[in-house]
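Descriptive analysis of the structure
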Amino acid sequence: MERLLEELALASKHLSDFKDMYEYKNRLKTFTKWPFTENCKCTPENMAKAGFIHCPNANQPDVAKCFFCLIELECWEPKDDPWEEHTKRHSCGFLSLTKPFDDLTMEEYYMLEMTRLRTFLCKIGRSVIKAFEEEVAATRQRLVDNFVSKHQYTPLPPVPLQADPPVQHSESSYSQSKRIQEK
Ligand SMILES: [Zn+2]
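In this text, all values refer to a predicted model and were calculated from it rather than measured experimentally.

**Examining the nonpolar core**
Met 47, Phe 52, Cys 66 and Cys 69 are the most contacted members of the largest nonpolar core, which has 19 residues in total. Those elements that place two or more of their residues in this core are α3 (44-49), β1 (52-54) and β2 (64-66).

**Brief notes about the packing of helix α1 (residues 2-17) against helix α5 (residues 106-151)**
For the pair α1 and α5, interaxial distance at closest approach is 11 Å and the crossing angle is 175°. In terms of orientation, α1 and α5 fall into the roughly antiparallel class. Taken together, the residues of α5 that come into contact with α1 (itself represented by Leu 4, Glu 7, Leu 8, Ala 11 and Leu 15) are Phe 120, Ile 124, Ser 127, Val 128 and Ala 131. Class assignment of the residues belonging to the contact of α1 with α5 gives a composition of eight nonpolar, one polar and one charged.

**Re the sheet that holds β1**
Sheet architecture is open: three strands sit in the order β1-β2-β3, paired in antiparallel fashion. For this open sheet the edge positions go to β1 and β3 (72-73), each flanked by a neighbour on one side alone. In this sheet, β3 lies alongside β2 in antiparallel orientation, the contact comprising two bridges. Paired with Lys 65 across the strands is Glu 72, a residue of β3.

**A look at the confidence of the model for the protein**
Here the protein shows a mean pLDDT of 84. Residues at 70 or above account for 84%. In this model residues 169-178 is a low-confidence stretch, pLDDT under 50, and it forms 16 contacts with partners more than four residues away in sequence or in other chains.

**Quick look at helix α4 (residues 82-89)**
What α4 keeps buried is the set Pro 82, Glu 85 and His 86. The buried side chains of α4 occupy one side of the element, clustering within an arc of 95° when seen end-on. Opposite its buried face, α4 presents the exposed residues Glu 84 and Lys 88, each directed more than 90 degrees away. Where the residues of α4 are buried, they touch α3, β1, β2 and β3.

**Points about unusual backbone geometry**
We note that Asn 39 has phi near 50°; this positive angle belongs to a residue other than glycine. Of note, Asn 39 is situated in the loop between α2 (24-29) and α3. A residue is classified by how many C-beta atoms lie within 10 Å of it, and Asn 39, with 7 of them, is exposed.

About the criteria used
Residues numbered from 1 in each chain as written. Predicted model: local features only at pLDDT ≥ 70, side-chain atom pairs only at ≥ 80, totals over all residues. Core = buried A, V, L, I, M, F, W, Y, C linked by C-beta atoms within 7 Å. Buried ≥ 20, exposed ≤ 12 C-beta atoms within 10 Å, placed from the backbone. Helix = DSSP H or I, 4+ residues; strand = E, 2+ residues; numbered from the N terminus. Axes fitted to C-alpha atoms, helices over the stretch in contact; angles between N-to-C directions. Parallel < 35°, antiparallel > 145°, perpendicular 65-115°, else oblique. Contact = placed C-beta atoms within 7 Å. Nonpolar A, V, L, I, M, F, W, Y, C, P; charged D, E, K, R; others polar. Pairing = 2+ DSSP bridges. pLDDT = per-residue confidence, 0-100. Arc of directions from axis to C-beta.

Next comes the structure, spelled out in structure tokens:
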């Protein structure tokens, strides 16, 4: 549960911080340690124009994330065109704008921001549900193990939590964005 709270805190921070990333120059500033700068298509400028910000970590130094639809891509190669890589994998409300961001009316901006918030909340919701399900499964296993060891009990197979048939989730930005390793 502690990990979940940390995730929620980080998501909340990103929700606030990413609001500044509508500005191209703010996205560009995140690419100071980007490994591709010359003789390639995925320069910092092109990455920022395609809505990306650089989000490196210890194991994945070239992770880039769209501040708006939150798709994450890694394993970049010099020939990769950021805009193309982004749009072919996910429909992004920011890249789909039909006019420059600075020309949006206030109403258009708020509609855009609502979409961004909805995207964030969906992602957080999925994380919470997944973490909760994992915790329930782990707790159940601990109880079963404890009972078996004390009473020589053979457990029944797990019972589904609900009677409804499983629903296939539509492919979301997050499931798609999970590393896109084929690059
Ligand atoms: Zn996007």
